[in-house]
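Tertiary structure, described
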Amino acid sequence: MLPPFQPDPKGPNGFFGLPSTWSHILNPFENGVLGRFEGEIPKQLDGTFYRIMVDPFYPLAPVNPVIEGDGNICALRICNGRVSLKTRYVNTERQRLERQASARLFGLYRNPFSHHPCVRAAVDSTESALPYAVDPDTLETLSYDPFASPSKTFSAHPKVDPFTNELVVFGYEAKGLGTPDIVVYVLDAVRAVREEQWLRAPWPAFIHDCAITPSFIVLVLWPYDASVEKMKAGGQHWTYNTSRPATFLVTPRRRGPNSPPPKGWAPEETHRTYHWDHTLLLHTAGSWEDPTTGAICFESSRMFYNVFPELGDPTETPFGDMHADYVRWTIDPSQPGGTVGEGLRMGYGEVKVSGRGALDEE
Ligand SMILES: [Fe+2]
């Protein structure tokens with residue numbers, strides 16, 4: 001394997017001495033990631049791996065977090081020991097407008113007040129808006145909002161229920177910019193919206209991922225606050241808030257006459273909220289229900305720093321102490337929650353992240 005690429009330290013941005021508006025954070029070589037691997041591809045592998053990323057077509061407006069950009073899909077087709085690649089941008093309305101203008105028209109991540117006046121009413125293309133349908137073979141963009149979603153937003157991480165083949169979806173800021181409204185529903189095998197529920201978050205929070213079990217969905221709230229006033233003043237959509245605890249919003253997957261409320265819940269209770277000390281659960285992993293206790297169990301990464309320095313205190317060192325680990329959460333939904341630690345346990349479970357970054361059995 002090749003050693004990590006070393007940028008030219010003499011340049012103003014390290015780009016071979018040439019100035020650049022591209023963010024350093026987008027350059028994997030500057031973050032110690034090896035760029036090339038060698039070896040044989042097993043002939044038994046046969047299928048397509050899709051990589052879906054944010055990839056800015058035009059350089060970002062300054063002070064944008066790494067999650068801002070355009071949707072890009074990469075299809076890696078693996079067959080008979082060989083790989084072929086196709087990559088396309090999602091042909092969003094936003095990108096069509098920018099390509100027409102040959103310039104970047106959109107400003108800060110999810111701040112419409114920072115966009116060029118000619119595009120302030122245009123749609124976005126991430127979890128801040130609704131999805132596009134894309135042909136899985138050609139990667140051509142087919143349509144916007146193929147599921148006729150009941151809200152204005154669609155999660156970046158919907159989950160497939162392996163027992164029912166449903167797609168479990170949520171959307172936050174679901175009634176518009178800075179609203180605490182959340183929608184939860186499933187898309188069935190014919191793409192019909194079912195089990196639609198509306199909830200209100202304790203604050204307009206960044207809700208990037210969730211965990212599902214046969215009976216529950218757990219929404220994981222990140223410790224960032226949204227402020228429309230700050231957006232109007234040209235600031236960021238989100239502000240990192242160290243006083244926010246890790247927050248888990250739990251709601252039953254199904255309601256109605258055939259789905260009684262969970263044990264100990266009043267019929268009118270829509271959800272319960274559980275808390276842990278301040279931390280950021282970047283993504284979830286496996287999730288299940290304990291068959292003996294009925295507890296909700298799931299695993300996640302846990303970060304002890306602001307992963308988006310642009311959204312934090314500008315006087316603080318970016319990333320600070322980059323401590324992170326991987327943990328297992330256990331929630332007892334029969335407990336009322338509400339205060340830190342009530343009804344919630346955290347542990348390291350049977351697997352842990354080793355110093356080499358691999359998963360080892362304990
Ligand atoms: Fe993600």
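Conventions used here
Residues numbered from 1 in each chain as written. Predicted model: local features only at pLDDT ≥ 70, side-chain atom pairs only at ≥ 80, totals over all residues. Core = buried A, V, L, I, M, F, W, Y, C linked by C-beta atoms within 7 Å. Buried ≥ 20, exposed ≤ 12 C-beta atoms within 10 Å, placed from the backbone. Helix = DSSP H or I, 4+ residues; strand = E, 2+ residues; numbered from the N terminus. Contact = placed C-beta atoms within 7 Å. Pairing = 2+ DSSP bridges. UniProt positions renumbered as here; feature names shortened; annotations may be inferred. pLDDT = per-residue confidence, 0-100.

**Digging into the nonpolar core**
Membership of the largest hydrophobic core comes to 44 residues, with the highest contact counts inside it found for Phe170, Ile182, Ile217, Val218, Leu219 and Ile331. Secondary-structure elements contributing two or more residues to this core are β7 (167-172), β8 (181-187), β10 (205-212), β11 (216-226), β12 (238-240), β13 (246-252), β16 (296-303) and β17 (324-331). Setting aside its immediate chain neighbours within four residues, isoleucine 331 contacts Val218, Phe248, Val250, Tyr274, Ala295, Ile296, Gly343 and Leu344.

**So, the sheet that holds β7**
Taking strand neighbours across the sheet as the criterion, the four strands line up as β6-β7-β8-β9 in an open arrangement whose pairing is antiparallel. The strands lining the two open edges of the sheet, one partner per strand, are β6 (159-160) and β9 (193-200). For β7 and β8, the ladder comprises six bridges, and the chain directions are antiparallel. Residue pairing for β8: tyrosine 172 is matched across the bridge by isoleucine 182.

**Details of the UniProt feature "binding site: Fe cation" (unreviewed entry) in the protein chain**
The UniProt record annotates "binding site: Fe cation" (unreviewed entry) at His157 and His208. Taken together, the annotated residues stretch across 52 residues yet fold into one region, lying no more than 7.0 Å apart by C-alpha. By the element assignment, histidine 157 lies in the loop between β5 (141-144) and β6. C-beta crowding within 10 Å serves as the criterion here: with 16 such atoms nearby, histidine 157 is assigned to the partly exposed category. Sequence-distant contacts of histidine 157, defined by excluding residues within four places in its chain, comprise His208, Asp209 and Cys210. Those residues in contact with histidine 208 that sit more than four places away from it in its chain are Ala156, His157 and Trp222.

**Focus: the confidence of the model for the protein chain**
In the predicted model, the protein chain carries a mean pLDDT of 86, and 84% of its residues have values of at least 70. Counting interchain partners and residues more than four positions distant, the pLDDT-below-50 stretch residues 350-362 has twelve contacts.

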